[in-house]
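One-letter residues, chain by chain:
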Amino acid sequence: MLISLVTPSVFGADSVSVQVLQSNLNHPWSLAFLPGEQGILISERSGQLRRWHHGKLSAPISGTPAVWAKKQGGLLDVALAPDFVSSRQLYLSYTESDDQGAVGAVVGRATLSEDYRHLSDFRVLLRQTPKLSSGANLGTRLAFDPSGYLWISFGDNFAAEKAQDLRALQGKILRLKADSAIPADNPFRGRSDARAEIWSDGMRNPQGLAWNPWSKVMWESEHGPRGGDEINLPEKGKNYGWPLATWGIDYSGQPVPGSKGGRVSGTRQPLFYWKVSPALSGMAFYDSHRFPAWRHSLFIGALKDRSLIRLSVDGNKVTEQQRLLRDRGERIRDVRVGPDGYLYVLTDEAQGKLLKVGLR
């Protein structure tokens, strides 16, 4: 089950179609499809939320929160509420700093106007505490499951030991109700030595969250240090090991401080890992009939590897892998499956792009 080999691509570069829909995006981080063919919301790490519609990019939507936009921080994920059609509510994740310069992630909710030009009634739902970051390993991916629960990934803020501390929100997968209330069946609810928002712990820098439409569970992808990038199935109350268990090494080339190896008793193994880090980002399951050859695939953006990774999925097992878009040499930050069955991809550059990707 622990596979880290790259198999040859069965779809060459010539068989993949790529259309540049938009350029000149300032480090775009996430996208969300608006219902009724009303376009796409795109977040830019520098703090802007924009709407792309029929080939046109809007001016920044007003009413977004002030963000700390340095290093890996800024305006990050955007997700529509499950009842967006009636409520017009959306969720944002971003970073803020305190008076001492320490940085933490924030998740908030706002209402989008009917003309898509401004946000109102913005309310913070959750702040990552304590604030520990200097702008690295922030995580902050958002995803809803079919029951309407909001899942949040928080990175370890480069303070690895906090991933094992249930009193801190660093290095955790969280699960909340849409209004930020704690679900009754969260594993640490009622404990004085743990945060009730936590679903699972021991994560390093989770950059991807996606609901598996076939096995009906949430999947998570995360950066390792130097190698050891992982895909996990975050189970209720389980510990995924970081920094005690990792298949990577430290950036110095030495073992990760505190690591006891790849397998450690009491921790869960990744579903899939890479010995050489591609630097994983956003991910999406493909369940469209548009391109049958891609069905039962998981697509994950890669920043360091500058590619779009395709994993073939059989139940909760990964059975093969290939790299797409490598010839473009662009950092892939996010990927989503559009209502039309094409992949929509964001490149993380100062002049970032929105790409539409399919098979010829």
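Note that the structure is a prediction, hence the values are computed from the model and not measured.

Novice: Mind showing me how you'd approach the sheet that holds strand 22 (residues 332–337) here?
Specialist: Through backbone hydrogen bonds, the strands of a sheet pair up, either in parallel or in antiparallel fashion. Reading across the sheet, the four strands line up as 1-24-23-22 and stay open at both edges, with antiparallel pairing between neighbours. Two strands close off the open sheet at either side, each with one partner strand: strand 1 (16–25) and strand 22. Strand-to-strand twist across the sheet, computed as the mean angle between neighbouring axes with direction ignored, equals 20°. Looking at chain direction, strand 22 and strand 23 (residues 343–347) are connected through five bridges and run antiparallel. Bridge pairing in strand 23 places Arg-336 opposite Tyr-344.

Novice: Sorry, what's going on with the pattern of salt bridges here?
Specialist: Opposite charge on two side chains allows them to pair when their charged atoms are near. Throughout the structure, instances matching the rule amount to 24 salt bridges. Two residues, Asp-348 and Arg-333, come together in a salt bridge whose shortest N-O distance is 3.0 Å. Placement of the pair is Asp-348 in the loop between strand 23 and strand 24 (352–359) and Arg-333 in strand 22, with a sequence separation of 15 residues. A relative accessible area of 7% places Arg-333 in the buried class. The partner of Lys-356 in a salt bridge is Asp-340, and the shortest N-O contact between them spans 3.7 Å. Pair noted here: Lys-356 is in strand 24 and Asp-340 is in the loop between strand 22 and strand 23, with a separation of 16 residues, a long-range link. Each member of the salt-bridge network shares a partner with another, and the members are Arg-45, Arg-331, Arg-333 and Asp-348.

Novice: I'm lost on unusual backbone geometry in this one. Help?
Specialist: Keep in mind that most residues, glycine aside, have a negative phi and that most peptide bonds are trans. Here Thr-129 and Pro-130 are connected by a cis peptide whose omega angle stands at -10°. Position of Pro-130 among the secondary structure elements: in the loop between strand 9 (119–127) and strand 10 (139–144). Here the amide bond leading from Trp-242 into Pro-243 is cis, since omega sits at 0°, within 30 degrees of zero. Positionally, Pro-243 belongs in the loop between strand 16 (229–232) and strand 17 (272–274). We note that His-27 has phi near 45°; this positive angle belongs to a residue other than glycine. For His-27, the position within the fold is in the loop between strand 1 and strand 2 (28–33). Of note, Phe-158 is a non-glycine position whose phi angle comes to about 65°, a positive value. By secondary structure assignment, the location of Phe-158 is in the loop between strand 11 (150–154) and strand 12 (172–176).

Novice: Help me understand the packing of aromatic side chains in this model?
Specialist: How two aromatic rings sit relative to each other is set out by the distance from centre to centre and by the angle between their planes. For the structure shown, the criterion picks out 14 aromatic pairs. With 5.4 Å between their ring centres and 70° between their planes, Phe-291 and Trp-294 make a pair best called edge-to-face. The pair formed by Phe-291 and Trp-294 is uniform in burial state, with each residue classed as buried. Accessibility expressed as a relative area gives 0% for Trp-294, which makes it buried. Among the aromatic residues, those joined into a ring-pair cluster are Tyr-286, Phe-291, Trp-294, Phe-299 and Tyr-342. Positioned over the ring face of Tyr-116 is Arg-88, at 4.8 Å from the centre of the ring. The residue whose ring lies beneath Lys-356 is Tyr-342, and the NZ or CZ to ring-centre distance is 4.4 Å.

Novice: Explain the environment of Tyr-273 here, please?
Specialist: Structurally, Tyr-273 is set in strand 17. When the C-alpha atoms of Tyr-273 and Thr-64 are compared, they prove to be 36 Å apart, with 209 residues separating the residues in sequence.

Novice: Explanation requested: the pairing of strand 19 (residues 297–302) in the structure shown.
Specialist: The side chains of a regular strand alternate between the sheet's two faces. Within strand 19, six of the six residues are buried, which leaves the element mostly enclosed by the surrounding structure. Judged by which residues are buried, strand 19 turns out to be covered on both faces: Ser-297, Phe-299 and Gly-301 on one side and Leu-298, Ile-300 and Ala-302 on the other are all buried. Two strands pair when backbone bridges link them, and strand 19 and strand 20 (residues 307–314) are joined in this way by six bridges, in the antiparallel orientation. The partner of Leu-298 across the bridge, within strand 20, is Leu-311. Adjacent in sequence and paired antiparallel, strand 19 and strand 20 are bridged by four residues, among which Arg-306 carries a positive phi angle near 55°.

Novice: Explain the nonpolar core to me, please; I cannot follow it from the model alone.
Specialist: Across soluble globular proteins, nonpolar side chains show a tendency to be buried alongside one another. Judged by nonpolar contacts, the single largest core of 25 residues is most densely connected at Trp-294, Leu-308 and Leu-354. Contributions of two or more residues to this core are made by strand 1, strand 3 (40–44), strand 22, strand 23 and strand 24. Beyond its immediate stretch of four places on either side in the chain, Leu-308 contacts Phe-299, Ile-300, Gly-301, Gln-322, Arg-323, Leu-324, Leu-325, Ile-332, Val-335, Leu-343 and Val-345. Membership of the second largest hydrophobic core comes to 19 residues, among which are Ala-79, Leu-126, Phe-144 and Leu-166.

Novice: I'm lost on the sheet that holds strand 4 (residues 49–53) in this one. Help?
Specialist: One open sheet holds the four strands; their spatial order is 2-3-4-5, and the pairing between them is antiparallel. Both outer strands of the open sheet, strand 2 and strand 5 (56–57), are each paired with one neighbouring strand and no more.

Novice: Explain the confidence of the model for the protein chain to me, please; I cannot follow it from the model alone.
Specialist: This prediction gives the protein chain a mean pLDDT of 94; 96% of its residues lie at or above 70. Below pLDDT 50 for its whole length, residues 1–11 participates in 31 contacts with residues either more than four positions away or in separate chains.

Novice: Got a minute to help me understand the side chain of Gln-207 in this structure?
Specialist: Structurally, the position occupied by Gln-207 is in strand 14 (residues 205–212). Filtering out sequence-adjacent residues up to four positions away, Gln-207 remains in contact with Trp-29, Gly-139, Arg-141, Ser-221, Glu-222, His-223, Leu-280, Ser-281, Gly-282 and Arg-333.

Novice: Would you mind going over the pairing of strand 12 with me for this structure?
Specialist: Counting buried positions along strand 12 yields five of five residues, so the element is predominantly enclosed. Judged by which residues are buried, strand 12 turns out to be covered on both faces: Lys-172, Leu-174 and Leu-176 on one side and Ile-173 and Arg-175 on the other are all buried. In terms of strand pairing, strand 11 meets strand 12 through five bridges, oriented antiparallel. When the sheet's bridge partners are listed, Ile-152 is paired in strand 12 with Leu-174.

Quick notes on the rules
- Residues numbered from 1 in each chain as written.
- Predicted model: local features only at pLDDT ≥ 70, side-chain atom pairs only at ≥ 80, totals over all residues.
- Heavy atoms only, no water.
- Pairing = 2+ DSSP bridges.
- Helix = DSSP H or I, 4+ residues; strand = E, 2+ residues; numbered from the N terminus.
- Axes fitted to C-alpha atoms, helices over the stretch in contact; angles between N-to-C directions.
- Salt bridge = Lys/Arg side-chain N within 4 Å of Asp/Glu carboxyl O.
- Buried < 20%, exposed > 50% of the residue type's maximum accessible area, 1.4 Å probe, protein only.
- Phe/Tyr/Trp six-rings, centres within 6.5 Å; stacked < 30°, edge-to-face > 60°.
- Lys NZ or Arg CZ within 6 Å of the ring centre and 35° of its normal.
- Core = buried A, V, L, I, M, F, W, Y, C linked by side-chain atoms within 4.5 Å.
- Contact = heavy atoms within 4.5 Å.
- pLDDT = per-residue confidence, 0-100.

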